[in-house]
Amino acid sequence: MIVVALSLYQMAHWFNHRFQGTKIAKFNDQDSTDFEKCLSLIMKHEKITNDQFDVIYVLGSHGGRLDQSLAILNTLFKHTKSSETPLFLIAYDTLTFVLPPGRHKIYVNTGLEGSFCGLIPLGDTVRSISTTGLAWNL
C-alpha cells in the first residue's frame, strides 16, 4: 500500500490518471496532520481487511519547519504507543524510529544513513542507557 499526502486534491486526480486503479481518499479534516491522516488510513485498511502490515516506512518525513518536525515526532511516538506495527521515518540521510523499553541492538552502515546517531528521550524517563560502537558511548 502506498499512501501519499498531497496538498491539492487535483494532484490526486493526476496521480490516479497516471496510475490507473489507484484508490484516492479525500480528507476534509483540518484538525490532524497529513501524516496522521495517512496513518489513520493505514489503520483503517488493516481493520477492514484484517491484514496486518509488518512495517510502515514513511519517506521524506524530515525537513521543513521545526513545528512540522516536532509534530511528526509526536505522531511517531503516539503511533508506537497505540500500534505494534514498527514505523520508520526515512529522509535523505536520516532514519528515525522509537525504541520501546528493553534491550536493543541497532545495526547500521547500510550505506543509506548518515554518519551520525542520536538517541533522544521523548515522552518518558530513561532510567538506564549504555551504548557500544559509537564515537561517544553513553
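Parameters and conventions
Residues numbered from 1 in each chain as written. Predicted model: local features only at pLDDT ≥ 70, side-chain atom pairs only at ≥ 80, totals over all residues. Heavy atoms only, no water. Phe/Tyr/Trp six-rings, centres within 6.5 Å; stacked < 30°, edge-to-face > 60°. Helix = DSSP H or I, 4+ residues; strand = E, 2+ residues; numbered from the N terminus. Buried < 20%, exposed > 50% of the residue type's maximum accessible area, 1.4 Å probe, protein only. Pairing = 2+ DSSP bridges. Core = buried A, V, L, I, M, F, W, Y, C linked by side-chain atoms within 4.5 Å. Salt bridge = Lys/Arg side-chain N within 4 Å of Asp/Glu carboxyl O. Patch = residues over 30% accessible without salt bridge, like charges linked within 9 Å, V, L, I, M, F, W, Y side chains within 5 Å. Areas by Shrake-Rupley, 256 points an atom, 1.4 Å probe, with all protein chains shown as cover. 1 Å grid on protein atoms, 1.4 Å probe; cavity = no way out; pocket = protein on both sides within 12 Å on 5 of 7 lines; lining within 4 Å. Points joined across faces, edges and corners; volume = space filled by probe spheres on them. Nonpolar A, V, L, I, M, F, W, Y, C, P; charged D, E, K, R; others polar.

## A look at the packing of aromatic side chains
Under the criterion given, the structure shown has two aromatic pairs. With a centroid separation of 5.9 Å and an interplanar angle of 25 degrees, the aromatic rings of Tyr-57 and Phe-88 are classed as stacked. With a gap of 31 residues between them, Tyr-57 in strand S1 (residues 56–59) and Phe-88 in strand S2 (residues 87–90) connect regions that are remote in the sequence. Judged by its relative accessible area of 52%, Tyr-57 is exposed. Here the aromatic cluster, defined as three or more aromatic residues joined through ring pairs, consists of Tyr-57, Phe-88 and Phe-97.

## Some words on the pairing of S1
Going residue by residue along S1, you find Ile-56 and Val-58 tucked away on one face and Tyr-57 and Leu-59 left uncovered on the opposite face. Pairing geometry for S1 and S2, over four bridges, is parallel. Counterpart to Val-58 in the pairing with S2 is Leu-89.

## Observations concerning the nonpolar core
Note that soluble globular proteins tend to have their nonpolar side chains buried in a common cluster. In this structure, Phe-35, Leu-39, Ile-42, Phe-53, Ile-56, Val-58, Ile-72, Leu-76, Leu-87 and Leu-89 together form the largest nonpolar core, which totals ten residues. Contributions of two or more residues to this core are made by helix H2 (34–49), S1, helix H3 (66–82) and S2. Take this core: its biggest share by element is three residues, from H2.

## Quick look at the pattern of salt bridges
In a structure, side chains of opposite charge can pair up when their charged atoms sit close to one another. Considering all chains together, one arrives at two salt bridges under this definition. Across the salt bridge formed by Glu-36 and Lys-78, the nearest N and O atoms sit 3.2 Å from each other. Remark: Lys-78 occurs in helix H3 and Glu-36 occurs in helix H2; sequence separation between them is 42 residues. Judged by its relative accessible area of 40%, Lys-78 is partly exposed.

## Overview of unusual backbone geometry
The bulk of non-glycine residues show a negative phi, and the bulk of peptide bonds are trans. The backbone phi angle of Asn-50 is positive, close to 60 degrees, even though this residue is not glycine. Inspection of the secondary structure assignment puts Asn-50 in the loop between H2 and S1.

## A closer look at a nonpolar patch on the surface
Together, Leu-99, Ile-106, Val-108, Leu-119, Val-126, Ile-129 and Leu-138 make up a nonpolar patch on the protein surface, roughly 610 Å² of accessible area in all. By secondary structure assignment, the location of Leu-138 is in the segment after strand S3 (95–96).

## Some thoughts on the layout of surface pockets
Reported here for the largest pocket is a volume of approximately 2100 Å³. In terms of lining, the largest pocket is formed by 46 residues, of which the most central are Leu-99, Ile-106, Gly-118, Leu-119 and Ile-129. Within the residue set of the lining of the largest pocket, elements represented by two or more residues are H3 and S3. Residue contributions to the lining of the largest pocket peak at five residues, all from H3. Here the residues of the lining of the largest pocket are counted per class, giving 23 nonpolar, 16 polar and seven charged.

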